[in-house]
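Each chain, written out:
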Amino acid sequence: MSDEEHHFESKADAGASKTYPQQAGTIRKNGYIVIKGRPCKVVEVSTSKTGKHGHAKCHFVAIDIFTSKKLEDIVPSSHNCDVPHVNRTDYQLIDISEDGFVSLLTDSGDTKDDLRLPMDDNLLKQIKDGFAEGKDLVVSVMSAMGEEQICALKDIGPK
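Keep in mind the model is a prediction, meaning the values are calculated, not measured. (Residues numbered from 1 in each chain as written. Predicted model: local features only at pLDDT ≥ 70, side-chain atom pairs only at ≥ 80, totals over all residues. Heavy atoms only, no water.)

Q: Looking at this structure, I do not really get the pattern of salt bridges. What am I missing?
A: Within this structure, the stated rule accounts for seven salt bridges. Of the charged contacts, one joins Lys154 and Asp90 as a salt bridge, the two residues approaching to 2.6 Å between their closest N and O atoms. Of the two residues, Lys154 is situated in strand β11 (residues 147-158) and Asp90 in strand β7 (residues 87-96); the sequence distance between them amounts to 64 residues. Take Lys154: its relative accessible area is 40%, and that puts it in the partly exposed class. (Salt bridge = Lys/Arg side-chain N within 4 Å of Asp/Glu carboxyl O. Helix = DSSP H or I, 4+ residues; strand = E, 2+ residues; numbered from the N terminus. Buried < 20%, exposed > 50% of the residue type's maximum accessible area, 1.4 Å probe, protein only.)

Here it is as structure tokens:
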């Protein structure tokens, strides 16, 4: 073999998958599922009986956790579906830039500057108003499948 050293590009994650398989028949309401490549929260599940020649089918109605679009899928209950790894993390809001990005403080004391303000008008108004009043705000960031978005806001009192 050669004596050359091999250099590998290092990525931030350890190669963990963005999804994991779960049998369709075991996914319940308020669980998560991937439909058409989008991470979704299940709002309705109905299971049909087996036919003369086949599998029972699960009909999923779900809402995309980032865009709030309604998606549907029908899968045989014995087949596996992809389920996204969904994480929620709280960060303290430091600053809002003019171009719509937020600056957040992580638990380790670093700043996170790569998130945009949310699209939801109600949440957007609450964040901007609270920040303008000088309140200490904590935002919840939901992340799944390489996407992140602010999904909730907590007021921890005045500065």
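Okay, back to it.
Q: Sorry if this is basic, but what is going on with unusual backbone geometry here?
A: Both trends apply: most residues other than glycine have a negative phi, and most peptide bonds are in trans. Of note in the backbone geometry, Asn30 takes a positive phi value of approximately 75° without being a glycine. Note that Asn30 resides in the loop between β1 (19-23) and β2 (32-35). The phi dihedral of Ser68 is positive, around 60°, even though this residue is not glycine. In this fold, Ser68 is placed in the loop between β4 (57-64) and β5 (70-76). With relative accessibility at 56%, the residue Ser68 sits in the exposed group.

Q: Just checking my understanding: could you explain the sheet that holds β5 for this structure?
A: Sheet strands line up and pair through hydrogen bonds in the backbone, either parallel or antiparallel. Pairing is antiparallel across the open sheet formed by four strands, whose spatial order is β2-β3-β4-β5. With partners counted over all chains shown, the strands left at the sheet margins are β2 and β5, one partner each. For this sheet, the mean angle separating the axes of adjacent strands, direction not counted, is 45°. Examined bridge by bridge, strand β3 (residues 38-47) and β4 share seven bridges and lie antiparallel to one another. (Pairing = 2+ DSSP bridges. Axes fitted to C-alpha atoms, helices over the stretch in contact; angles between N-to-C directions.)

Q: Help me understand a negative patch on the surface in this model?
A: A cluster of acidic residues, Asp95, Glu98, Asp99 and Asp113, forms a negative patch at the surface. Within the secondary structure, Asp113 is located in strand β9 (residues 111-116). (Patch = residues over 30% accessible without salt bridge, like charges linked within 9 Å, V, L, I, M, F, W, Y side chains within 5 Å. Areas by Shrake-Rupley, 256 points an atom, 1.4 Å probe, with all protein chains shown as cover. Lys, Arg positive; Asp, Glu negative; His and termini not counted. Charge placed at Lys NZ, Arg CZ, Asp CG, Glu CD.)

Q: Help me understand the pairing of β4 in this model?
A: Each regular strand shows side chains that alternate between the opposite faces of the sheet. Bridging between β4 and β5 involves seven bridges; their strand directions are antiparallel. Pairing of Val61 across the sheet is with Glu72, part of β5. Counted between consecutive antiparallel strands, the loop separating β4 from β5 contains five residues, among which Ser68 sits at a positive phi close to 60°.

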